[in-house]
Amino acid sequence: MGRTVRLALNAFLGAALAMSLVVDGHAQDKQITLGFAQVGAESAWRTANTVSVKEAAKDAGINLKFSDAQQKQENQIRAIRSYIAQKVNVIAFSPVVESGWEPVLQEAKKAGIPVILTDRAIDVKDKSLYTTMIGSDFLEEGRRAGRWLEEEYKNNPGPINIAELQGTVGSAPANDRHAGLMEIIKNDPKFKIIASQSGDFTLAGGKQVMEAFAKTYGKQINVVYAHNDDMALGAIQAMEEAGMKPGTDVKVVSFDATKGGFQAMIAGKINVDVECSPLLGPQLMSAVKDLVAGKTLPKRIVTKETVFPQNVAAQILPSRKY
Ligand code: GZL
């Protein structure tokens with residue numbers, strides 16, 4: 001083969017190889033960088049969620065930039081702005097509250113960086129500001145808790161007085177776990193929410209609020225409706241210090257289904273735990289890779305979950321991952 005032909009063939013093969021590494025305008029061998037703005041470290045759920053995101057990024061070979069906002073929206077916004085400045089491939093975050101995101105998400109859109117929501121939703125008119133939302137259906141979680149109460153008290157004429165420990169004010173899980181419960185009990189007059197206050201999803205917050213509820217309402221309380229296990233565990237401490245018997249005199253309904261929640265069910269102190277899975281890391285990394293590869297994602301990816309009554313806790317706890 002002549003020299004000229006050999007040189008031309010080498011040039012062609014080199015170009016073909018270079019082209020094969022770029023699909024849909026993205027270099028396939030270039031490592032993906034994901035900027036993730038986490039809410040904080042307020043609960044066992046959040047800690048498990050962070051572990052899931054970090055481990056899944058490592059397994060997926062994705063370069064993860066991670067920030068903890070200590071449950072402050074301004075810190076999350078600052079982190080998102082820094083990811084835009086660093087020109088990451090994708091931004092993902094778990095919005096601490098539902099409102100106030102338009103400005104920073106407009107900046108991400110202008111910079112051409114797609115945004116994925118995980119865990120919690122946002123309330124924006126322009127739905128193009130995010131690509132997809134991966135996480136639980138909190139409204140359905142609230143309905144599941146309401147259905148358990150209806151079943152638990154079906155032969156009880158009432159009144160059934162509920163003390164509610166709400167999650168972070170303005171957050172999607174707090175708003176929707178309340179709304180889902182109300183959908184179920186609003187037509188049953190025997191159920192009455194006699195007290196409702198935020199414990200900010202923390203154990204200390206749940207204990208502090210329950211101390212006040214115990215002082216004010218004491219034995220009038222039939223049910224404690226806690227928006228997560230950490231607040232339920234804090235409320236259990238407060239009830240026991242006030243001489244109340246959580247799980248027997250007072251039924252305790254909780255969310256997340258963490259190991260702490262299962263242990264409290266085995267001890268007879270939580271009566272039902274509505275699952276809310278924090279293990280969103282693998283789904284997030286798969287969505288990031290699809291996005292970078294130019295694939296279209298569904299606007300909503302709902303995590304599959306269930307409800308654990310107290311009587312199954314001992315048999316199921318060994319299989320729980322968080
Ligand atoms: C729910 C998540 C909530 C958990 C809490 O998906 O946002 O935040 O229920 C956590 O434990 O703090």
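In short, a report on the structure.

Definitions and cut-offs
Residues numbered from 1 in each chain as written. Predicted model: local features only at pLDDT ≥ 70, side-chain atom pairs only at ≥ 80, totals over all residues. Heavy atoms only, no water. Helix = DSSP H or I, 4+ residues; strand = E, 2+ residues; numbered from the N terminus. Buried < 20%, exposed > 50% of the residue type's maximum accessible area, 1.4 Å probe, protein only. Contact = heavy atoms within 4.5 Å. Areas by Shrake-Rupley, 256 points an atom, 1.4 Å probe, with all protein chains shown as cover. Expected span 1.5 Å × (residues − 1). Salt bridge = Lys/Arg side-chain N within 4 Å of Asp/Glu carboxyl O. Core = buried A, V, L, I, M, F, W, Y, C linked by side-chain atoms within 4.5 Å. Pairing = 2+ DSSP bridges. Axes fitted to C-alpha atoms, helices over the stretch in contact; angles between N-to-C directions.

### A few points about the overall build of the chain
Then, number 1: The number of helices and strands found in the chain is 11 helices and 14 strands.
Then, number 2: In terms of overall dimensions, the chain has a C-alpha envelope of 95 × 45 × 35 Å along the principal axes.
Then, number 3: Here the chain holds 322 residues, and the buried ones make up 50% of them.
Then, number 4: For the chain, contacts bridging at least 24 residues in sequence account for 74% of all contacts bridging at least 6.
Then, number 5: About 14800 Å² of surface is accessible on the chain, with carbon and sulfur atoms providing 55% of the total.

### A few points about unusual backbone geometry
Most peptide bonds are trans, and most residues other than glycine sit at a negative phi.
Then, number 1: Here the bond from Gly158 into Pro159 is cis, since omega is 0°, no more than 30 degrees from zero.
Then, number 2: As for its position among the elements, Pro159 is in the loop between helix H5 (138-152) and strand E8 (160-166).
Then, number 3: In this structure, Gln70 takes a positive phi of about 45° despite not being glycine.
Then, number 4: The residue Gln70 is located in the loop between strand E4 (63-68) and helix H3 (73-85) in this model.
Then, number 5: For Ala257, which is not a glycine, the phi torsion comes out positive at approximately 65°.
Then, number 6: Its location among the elements puts Ala257 in the loop between strand E11 (251-256) and helix H9 (259-266).

### Digging into helix H7 (residues 203-217)
Then, number 1: With 15 residues, H7 should reach 21 Å at 1.5 Å per residue; the first-to-last C-alpha distance of 21 Å fits that figure.
Then, number 2: Every buried residue of H7 is accounted for by Gly205, Gly206, Lys207, Val209, Met210, Phe213 and Ala214.
Then, number 3: On its buried face, H7 sits against E8, strand E9 (191-198), strand E10 (223-226) and helix H8 (229-241).
Then, number 4: The first or second residue beyond H7 is Gly218, which carries a positive phi of 45°.

### A look at the pattern of salt bridges
Then, number 1: Counted according to the given criterion, the structure contains 19 salt bridges.
Then, number 2: Between Arg143 and Glu140 there is a salt bridge whose closest N-O contact spans 2.7 Å. With a gap of three residues between them, Arg143 and Glu140 both fall in helix H5, about one helical turn apart.
Then, number 3: Judged by relative accessible area, which is 19%, Arg143 ranks as buried.
Then, number 4: Looking at Glu140, the relative accessible area reads 15%, which means it is buried.
Then, number 5: In the salt-bridge network here, residues are joined through shared partners; they are Glu140, Arg143, Arg144, Arg147 and Glu183.

### Examining the nonpolar core
Here is a general trend for soluble globular proteins: nonpolar side chains tend to be buried in one another's company.
Then, number 1: In terms of nonpolar packing, the biggest core is built from 31 residues, with Leu165, Met210, Phe213, Ile221, Val224 and Met239 touching the most fellow members.
Then, number 2: Looking at which element gives the most residues to this core, the answer is H8, with six residues.
Then, number 3: In contact with Val224, other than residues within four places in its own chain, are Ala163, Leu165, Met210, Ala235, Met239, Val250, Lys251, Val252 and Val253.
Then, number 4: In terms of nonpolar packing, the next biggest core, distinct from the first, is built from 24 residues, Val39, Leu105, Leu117 and Ile122 among them.

### Some points on the sheet that holds strand E14 (residues 307-309)
Then, number 1: Strand order in the open sheet formed by six strands is E9-E8-E10-E11-E12-E14, with mixed pairing between adjacent strands. Two strands close off the open sheet at either side, each with one partner strand: E9 and E14. With direction set aside, neighbouring strand axes in the sheet form an average angle of 15°.
Then, number 2: In terms of strand pairing, E8 meets E10 through four bridges, oriented parallel. Directly across from Ile162, in E10, lies its bridge partner Val223.
Then, number 3: Together, E8, E9, E10, E11, strand E12 (272-275) and E14 form the strand contacts of H5, whose direction differs from that of E11 by roughly 160°.
Then, number 4: Each of E8, E9, E10 and E11 is contacted by helix H6 (residues 172-185), which is oriented at about 175° to E9, the strand it contacts most.

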